[in-house]
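# Summary of structural features
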Amino acid sequence: MALSVNEISTLMDLLTDDNIESQSVEYYVNQISQNFSKSNSFKVGSAIVALITNNLIQKPAQRIVALSVLHELYRGEPFQNNPFSAFILQILQSEIGSKAIPSQPNISFSEKSFLSHLIVSSTWKDLLKNTPNNILNNEYSMADITSLQNAVSEAKADIMSTARNHIPAIIPDISSNSSYDNSDIRSTAEKLIADPDSPARQTYRPEMLRLVPPLYYDDNEMIWLEEGFVWEHYAAYDVTMCVPNSSSIEAKKLMVRAFKSALTLQQQQHLLAELDKDPKLVYHIGLTPSKLPDLVENNPLIAIEVLLKLMQSTHITEYFSVLVNMEMSLHSMEVVNRLTTTVDLPTEFVHLYISNCISTCETIKDRYMQNRLVRLVCVFLQSLIRNKIINVQELFIEVQAFCIEFSRIREAAALFRLLKQLESGETTATSSTTSTRT
């Protein structure tokens, strides 16, 4: 059983009191003792643990009071007999600011040092007379809790290990930047603690799986009743596991070299042969979209073959995106041109690449390099148009403007004439069709 909604409301009223920073810790310990009977100590402690681990007690002053109450609920008994002793030690042993444990709140050093003295000191009453403000502003040194740790470890040693192998069904938000409205905190606390179906009461633990034993040896006898019967099991072992694949290792080495420099003809042939031998090897040789530009510039032929083998990959669009946006060069054009004549590339990909090529030619400052790139782009576009890979009408205005801008270059003038021929031919064909219909 857990606390009722009314009892949770009372507990929250005390832990979120506006004067909690200036009132003594002892005052709130006594208030909780008066409002809750000794028989409800475990319920109160469980509720406080749930509030702390789920970050519903956010202010340091509130945590100091809550942790003090958690300890004082079982004052007079050995610390190891406190059912929440392990939780208190977990708080003390955690690293400040660590987020490694999802259920571990960010406890300050002042809070931890006060709590350590509280659980070991014989003058605990004097400590409780302090206000949370005084505790937070004083620099306590950590008390030695080694003996308590050993005692708790021995006391909990009899708990079955399988009972500890579980995780909470919910993951608390312990972000230090989180801030919630008081009404939201109360409603969440009620759902977590008072609701009998709350996920906070549920845990996930590993399921122990085993094969169902066979019932019968034959139609008459159960298998385990047959005298002298021995049930034999044979392990199915993959003998190829952990056996190094020398060919894949060599392919990976060649690919790493291909990112940095041009491979020799013999090395290219060897790498391509390995890729042809094992179609899935292309996924394991270290090629990622970010490394594609280096491969294109150093070994365009390898890049073409690898991209063709990756056409069925779910990540092929990422490779296309990188190829489109990489710096325009002879090698990148060679790769794109070869791909367009081999497979059906997405139309938007080809159009975007052409637009990027034109944009690069228009923005480059070096006149010599500009002329050279314009010639390359014009030859590239003529190849795409003559092979009917692109519908020139969809890019007519952009390409025509490009040709006019660079009309001083012979290849641009030739591309412009080709555009006009295509336009004239389509106009003539359209006129003939219209006359026939008339």
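Residues numbered from 1 in each chain as written. Predicted model: local features only at pLDDT ≥ 70, side-chain atom pairs only at ≥ 80, totals over all residues. Heavy atoms only, no water.

## Observations concerning the overall build of the protein
Within the protein, the regular secondary structure consists of 21 helices and 2 strands. Per-residue burial for the protein yields a buried fraction of 38% across its 438 residues. Partitioning the contacts of the protein with sequence separation of at least 6, the portion at a separation of at least 24 is 71%. (Helix = DSSP H or I, 4+ residues; strand = E, 2+ residues; numbered from the N terminus. Buried < 20%, exposed > 50% of the residue type's maximum accessible area, 1.4 Å probe, protein only. Contact = heavy atoms within 4.5 Å.)

## Observations concerning the packing of helix α18 (residues 347–363) against helix α20 (residues 396–405)
Two elements in contact, α18 and α20, have axes whose closest approach is 11 Å; the angle formed by their N-to-C orientations is 25°. Taken together, the axes of α18 and α20 lie roughly parallel to each other. Crossing handedness for the pair α18 and α20: left-handed. Mapping the contact onto sequence places Ser355, Ile358, Cys361 and Glu362 in α18 and Glu398, Val399, Phe402 and Glu405 in α20. The class makeup of the residues in the contact of α18 with α20 is 4 nonpolar, 1 polar and 3 charged. (Axes fitted to C-alpha atoms, helices over the stretch in contact; angles between N-to-C directions. Parallel < 35°, antiparallel > 145°, perpendicular 65-115°, else oblique. Left-handed = near helix turned anticlockwise from the far one by under 90°. Nonpolar A, V, L, I, M, F, W, Y, C, P; charged D, E, K, R; others polar.)

## As for the packing of aromatic side chains
Taken as a whole and assessed by the stated rule, the structure comprises 6 aromatic pairs. Geometrically, the ring pair formed by Tyr27 and Tyr28 is edge-to-face, given 5.0 Å between the ring centres and 85° between the ring planes. Given the relative accessible area of 1%, Tyr28 is considered buried. Each ring, one from Phe42 and one from Phe84, has its centre 5.4 Å from the other, and the planes form 20°; the classification is stacked. In this pair, Phe42 sits in helix α3 (residues 41–53) while Phe84 sits in the loop between α4 (60–72) and α5 (85–93), placing the two residues 42 residues apart along the sequence. Clustering of aromatic rings is evident, with ring pairs tying together Phe42, Tyr74 and Phe84. In this structure, Lys38 packs its charged tip against the face of Tyr74, placed 6.0 Å from the ring centre. (Phe/Tyr/Trp six-rings, centres within 6.5 Å; stacked < 30°, edge-to-face > 60°. Lys NZ or Arg CZ within 6 Å of the ring centre and 35° of its normal.)

## Here's the deal with the environment of Ile91
You can see Ile91 is positioned in helix α5. For Ile91, a relative accessible area of 0% gives the class buried. For the pair Ile91 and Ser116, spaced 25 residues apart in sequence, the C-alpha separation works out to 9.9 Å.

## Some points on the pattern of salt bridges
For the coordinates displayed, the defined rule picks out 8 salt bridges. Salt-bridge contacts for Glu72 lead to Arg75; the nearest nitrogen and oxygen are separated by 2.9 Å. For Glu72, a relative accessible area of 11% puts it in the buried group. Where Glu411 meets Arg375, a salt bridge forms, and the shortest distance between an N and an O atom there is 3.5 Å. Of this pair, Glu411 sits in helix α21 (residues 410–437) while Arg375 sits in helix α19 (residues 367–386), placing them 36 residues apart in sequence. Owing to a relative accessible area of 37%, Arg375 belongs among the partly exposed residues under this scheme. Through salt bridges that share partners, Arg375, Arg410 and Glu411 make up one connected network. (Salt bridge = Lys/Arg side-chain N within 4 Å of Asp/Glu carboxyl O.)

## Describing the packing of α4 against helix α6 (residues 109–120)
Two packed helices can be described by the angle between their axes and the distance between those axes. Between α4 and α6, the shortest axis-to-axis distance is 11 Å and the interhelical angle comes to 20°. Looking at the two axes, α4 sits roughly parallel to α6. Here the hand of the crossing between α4 and α6 comes out right-handed. Here Pro60, Arg63, Ile64, Leu67, Ser68, His71 and Glu72 of α4 come into contact with α6, specifically with Glu111, Phe114, Leu115, Leu118 and Ile119. Per-class residue counts for the contact of α4 with α6 are 7 nonpolar, 2 polar and 3 charged.

## Some details on helix α16 (residues 316–325)
Turning to α16, its buried residues are Ile316, Tyr319, Phe320, Leu323 and Val324. Across the axial projection of α16, the buried residues extend over an arc of 135°, all falling on one side. (Arc of directions from axis to C-beta.)

## A few points about the state of the cysteines
Under the definition given, this model contains 0 disulfides. Between Cys357, a free cysteine, and Cys361, which holds the nearest cysteine sulfur, the sulfur-to-sulfur gap is 6.9 Å. Owing to a relative accessible area of 1%, Cys357 belongs among the buried residues under this scheme. Between Cys378, a free cysteine, and Cys403, which holds the nearest cysteine sulfur, the sulfur-to-sulfur gap is 5.5 Å. (Disulfide = S-S within 2.5 Å.)

## Describing the nonpolar core
If you look at the biggest cluster of nonpolar residues, it comprises 63 residues, and the most contacted ones within it are Met255, Leu323 and Ile354. With 9 residues, the top contributor of residues to this core is α19. The next biggest cluster of nonpolar side chains, apart from the first, holds 52 residues, and it includes Leu11, Leu73, Leu92 and Ile119. (Core = buried A, V, L, I, M, F, W, Y, C linked by side-chain atoms within 4.5 Å.)

## Quick look at the confidence of the model for the protein
A low pLDDT score tells you not to read the predicted coordinates there in detail. Model confidence for the protein is summarised by a mean pLDDT of 77, while 76% of its residues fall at 70 or above. Within the protein, no element has a lower average pLDDT than helix α10 (residues 161–164), which sits at 53, and none a higher one than helix α14 (residues 292–298), at 90. Across residues 97–102, confidence stays below pLDDT 50; counting only partners more than four residues off in sequence or on other chains, it has 8 contacts. (pLDDT = per-residue confidence, 0-100.)

## Concerning the side chain of Gln382
The topology assignment puts Gln382 in helix α19. Excluding residues that lie within four positions of it along the chain, Gln382 makes contacts with Glu411, Ala414, Leu415 and Leu418.

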